[in-house]
Amino acid sequence: MDDVPASSAFLTRHFGFREQMAADGFASLTRDDAAMDVIFLKRGIEVLQEGFRDQHASGLIVALVVSGIEDEERRLRDEGITITMALREEPWGEKLFQVTDPNGVLIQLVEWAS
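Below is a summary of the structure that appears in this document. This is a predicted model, so every value here is computed, not measured.

## Quick word on the sheet that holds strand 2 (residues 26-30)
Reading across from one edge, 1-2-3 is the order of the three strands in this open sheet, with antiparallel pairing throughout. Looking at which strands have only one partner, the edges of the open sheet turn out to be strand 1 (18-23) and strand 3 (38-41). Direction aside, neighbouring strands of the sheet carry axes that sit 15 degrees apart on average. Bridge count between strand 2 and strand 3: four bridges; the pairing is antiparallel. Of the residues in strand 3, the one forming a bridge with Leu 29 is Val 38.

## A short note on the sheet that holds strand 5 (residues 83-89)
In space, the four strands of this open sheet follow the order 4-7-6-5, with mixed pairing throughout. The two strands at the open ends of the sheet, each matched to only one other strand, are strand 4 (61-65) and strand 5. The sheet shows a mean angle of 15 degrees between the axes of neighbouring strands, taken without regard to direction. When strand 4 meets strand 7 (residues 106-112), the two strands line up parallel, connected through five bridges. Looking at strand 7, one finds that Val 65 is bridged to Val 110. Helix 1 (residues 4-15) contacts strand 4, strand 6 (94-100) and strand 7 of the sheet and is inclined by roughly 30 degrees relative to strand 7.

## Looking at the side chain of Thr 30
Among the secondary structure elements, Thr 30 is positioned in strand 2. At a separation of 2.7 Å, a polar atom in the side chain of Thr 30 contacts the side chain of Asp 37. Non-local contacts of Thr 30, meaning those with residues more than four positions away in its chain, are made with Gly 16, Phe 17, Arg 18, Gln 20 and Asp 37.

Reading guide: rules and limits
Residues numbered from 1 in each chain as written. Predicted model: local features only at pLDDT ≥ 70, side-chain atom pairs only at ≥ 80, totals over all residues. Heavy atoms only, no water. Pairing = 2+ DSSP bridges. Helix = DSSP H or I, 4+ residues; strand = E, 2+ residues; numbered from the N terminus. Axes fitted to C-alpha atoms, helices over the stretch in contact; angles between N-to-C directions. Contact = heavy atoms within 4.5 Å. Polar contact = N/O pair within 3.5 Å; in protein donor to acceptor, adjacent residues only side chain to side chain.

Without other data, these values stay purely geometric and don't point to any function.
The structure is reproduced here in structure tokens:
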């Protein structure tokens, strides 16, 4: 990731995360209702093992389970966020859509259809 503060601000501003810790090339974000934290590391940072320092993340989606997914999509559009995968319902009962953060991280919002 090239711009850690941009991704941190994106999750903080639009998804209710808060920055727990931050330093040059590093940010740790949390939510009171989350079972996990999100950690962003700048590409090349020595905290990453050699061989991983310059890799781009691909095939990774940060999925957030929500209720009222149509309202969430509307809220994000109203906040000026581009929806990069339109709201759809999968045959197995999952409603979802995606947005992309400033560094290309895919954020998927999911709601299980009842």
